[in-house]
Amino acid sequence: AKAAGRNCARFFTSEMDVALQERMALEKLIRDAATHNDFVLHYQPVFEIVGRRLVGFEALLRLPTADGTLIPPATIIPIAEEIRLIDKIGAWVLREACRTAKSWPSDLTVAVNLSSSQFESGSVEPAVAEALNESGLDPHRLELEITEGLLLNHTHATLETLRRLKDKGVSIVMDDFGTGYSSLSYLWKFPFDKIKIDRSFMESFAQSGHNVETVVKTIIALGREMNMRVTVEGVETAEQVDFLYDANADQVQGYFFGKPVSAARVEAAMLDDRRS
Ligand code: C2E
Ligand code: CA
Ligand code: CA
Ligand code: CA
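One structure accompanies this document, and this report is about it. (Residues numbered from 1 in each chain as written. Chains lettered and ligands numbered in written order. Predicted model: local features only at pLDDT ≥ 70, side-chain atom pairs only at ≥ 80, totals over all residues. Heavy atoms only, no water.)

Remarks on the coordination of the calcium ion (ligand 4)
Point 1. The protein atoms that coordinate the calcium ion (ligand 4) are Asp175 (OD), Asp176 (OD) and Asp176 (OD), at distances of 2.8 to 3.1 Å.
Point 2. Separation of the calcium ion (ligand 4) from the calcium ion (ligand 2) amounts to 4.0 Å, with Asp175 serving as a shared donor to the pair. (Donors = N, O, S within 2.8 Å, 3.2 Å for Na, K, Ca; no water.)

This is the structure in structure tokens:
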């Protein structure tokens, strides 16, 4: 038993070594990418549901690797927060997204996701100001998406920062709405311009025996009542679109309308559009 125990311990140790090595390799990739600005943004279209009009894009972070794959934000962001590179990467995302949006038709918006760490460090305001100044983008075309995590332990300073950003003309979006425990209780603490109903609601849509349709309709009605626009993300089927149209959603986003693509592909699609 003793021998087996020792083997066992050795087995786990080597597994941990592998995990640790993978983690160290990822950290190095992220550090190098932050130094050389090797990240890329992909852009997912957002449509107004009435008339199916393109209104803008959400910028989503990726890290290209040597083998041609893309490391997703769910892997990048938590590590970047831990190794304290999120402010630097977040500032790059803002600059890159604003610079790219500046080249689009002037009625299109760009949405950028923010991490709560960027508020804690106080880096978000100067980063937004710099991105806007440098690109010359009209602040009304920039949307900042924040999650409940930011508001969970929010301070007076957080709300003041959001208010000053809003005063600049930037829109503030409550992202992943409905996934946390207290989304609802933040709606009257800050005047959001928009709420984004999380993708998980559309995932449950097809499953029978759920009241998800009633919940989504109620959130949309609530948003309207509070003068907030409502976007629904993760829309994948025509059936969901029909439902959301009837439910009076403002905007939709999801694979049904378009997956996130590179800035070059956005550009190509727009030029095609103008030629046709
Ligand atoms: P999110 O803000 O909720 O973004 C939507 C995610 O859902 C994106 O995943 C998008 O590719 C995916 N998605 C969009 N439509 C559909 C659909 O119809 N079906 C399905 N199954 N998925 C869909 P992605 O790009 O992997 O991003 C994951 C999360 O990472 C984002 O969730 C956001 O919270 C975070 N993130 C992305 N970019 C950044 C960034 O620059 N900074 C920070 N702090 N977070 C970011
Ligand atoms: Ca988002
Ligand atoms: Ca989401
Ligand atoms: Ca999110």
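Regarding the coordination of the calcium ion (ligand 3)
When a metal carries six donors in an octahedron, the ideal angles between them are 90 or 180 degrees, while four donors in a tetrahedron ideally lie at 109.5 degrees.
Point 1. Surrounding the calcium ion (ligand 3) are the protein donor atoms Asp176 (OD), Asp198 (OD) and Glu233 (OE), which sit 2.0 to 2.4 Å from the metal.
Point 2. A gap of 5.7 Å separates the calcium ion (ligand 3) and the calcium ion (ligand 2). One end of the pair, Asp176, is in strand β6 (residues 171-177); the other, Asp198, is in the loop between β7 (194-197) and α9 (199-205), with 22 residues separating them in the sequence. (Helix = DSSP H or I, 4+ residues; strand = E, 2+ residues; numbered from the N terminus.)

Side note on the site of ligand 1
Point 1. If you check the shell around ligand 1, you find 21 residues, and the closest are Gln44, Arg62, Asn113, Glu236 and Tyr255.
Point 2. One of the side-chain N or O atoms of Glu233 is found 3.3 Å from an oxygen atom in ligand 1.
Point 3. For ligand 1, an oxygen atom lies 2.8 Å from a polar atom in the backbone of Tyr255.
Point 4. Coverage of ligand 1 by the protein amounts to 83% of the 810 Å² it exposes when considered alone.
Point 5. In terms of residue count, strand β2 (residues 53-64) provides more of the shell around ligand 1 than any other element does, 4 residues in total.
Point 6. Here the residues of the shell around ligand 1 are counted per class, giving 9 nonpolar, 5 polar and 7 charged. (Near = heavy atom within 4 Å. Polar contact = N/O pair within 3.5 Å; in protein donor to acceptor, adjacent residues only side chain to side chain. Areas by Shrake-Rupley, 256 points an atom, 1.4 Å probe, with all protein chains shown as cover. Nonpolar A, V, L, I, M, F, W, Y, C, P; charged D, E, K, R; others polar.)

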